[in-house]
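A closer look at the structure
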Amino acid sequence: MPRPIPAPLVELIAQRFRVIGDPVRIRLLDHLRDTPSTVGELKDALGASQQNVSKHLGVLHQAGIVSRTKEGTAVRYAIQDESVFAICELVCGGLRQQLNELDALLGGQTEATS
């Protein structure tokens, strides 16, 4: 990675984070991680409207994160760019560390005040 990061690259990185930074999209990606699915299957799995699922899948597809394959009258979506899961794992690891540190701090306060 060049340092400093060139402005056009900064914009591309920020765009990728915006694409995957939506809770519905994270849930869609999590479901698609297990199995390619149609909009109807995803709608049922997430308890979201078909319009909402389709909108978010369109954003993920345009970004090249998911692929779509026509199957008769249905379209099946699948993960195209597995690197999104590496990003999620890094974020989860950071959150886990923060929670452990917070837990240690709160545990220390509780013991000190008891």
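Our structure is the block above this text.
Residues numbered from 1 in each chain as written. Predicted model: local features only at pLDDT ≥ 70, side-chain atom pairs only at ≥ 80, totals over all residues. Heavy atoms only, no water.

On to the pattern of salt bridges. Considering all chains together, one arrives at five salt bridges under this definition. Glu 41 is the salt-bridge partner of Arg 76, the closest N and O atoms lying 3.0 Å from each other. Here the residue Arg 76 occupies a position in strand β3 (residues 74-79), and Glu 41 occupies one in helix α3 (residues 39-46), the gap between them amounting to 35 residues. Classification of Arg 76 as partly exposed rests on a relative accessible area of 22%. When the shortest N-O distance is used, the salt bridge between Glu 71 and Arg 76 registers 3.0 Å. Among the charged side chains, a salt-bridge network with shared partners connects Glu 41, Glu 71 and Arg 76. (Salt bridge = Lys/Arg side-chain N within 4 Å of Asp/Glu carboxyl O. Helix = DSSP H or I, 4+ residues; strand = E, 2+ residues; numbered from the N terminus. Buried < 20%, exposed > 50% of the residue type's maximum accessible area, 1.4 Å probe, protein only.)

As a further point, take α3. Along α3, the positions that sit buried rather than exposed are Val 39, Leu 42 and Leu 46. In a view along the axis of α3, the buried residues occupy a sector of 65°, so they form one face of it. Taken together, the buried residues of α3 touch α2 (23-34), β1 (37-38), α4 (50-62) and β3. Backbone geometry just after α3 places Gly 47 at a positive phi near 70°. (Arc of directions from axis to C-beta. Contact = heavy atoms within 4.5 Å.)

Where strand β2 (residues 66-71) meets β3, six bridges bridge the pair, whose relative direction is antiparallel. Counterpart to Thr 69 in the pairing with β3 is Arg 76. Where β2 folds back onto β3 in an antiparallel hairpin, the turn is made up of two residues, including Gly 72, whose phi is positive at roughly 65°. (Pairing = 2+ DSSP bridges.)

This part takes up the packing of α2 against α4. Relative to each other, α2 and α4 sit at 80°, their axes nearing to 10 Å. The orientation of α2 relative to α4 falls into the category roughly perpendicular. Residue-level inspection shows Val 24, Arg 25, Leu 28, Leu 29 and Leu 32 of α2 in contact with α4, the latter providing Asn 52, Val 53, His 56, Leu 57, Val 59 and Leu 60. Looking at the contact of α2 with α4 residue by residue, the class counts come to eight nonpolar, two polar and one charged. (Axes fitted to C-alpha atoms, helices over the stretch in contact; angles between N-to-C directions. Parallel < 35°, antiparallel > 145°, perpendicular 65-115°, else oblique. Nonpolar A, V, L, I, M, F, W, Y, C, P; charged D, E, K, R; others polar.)

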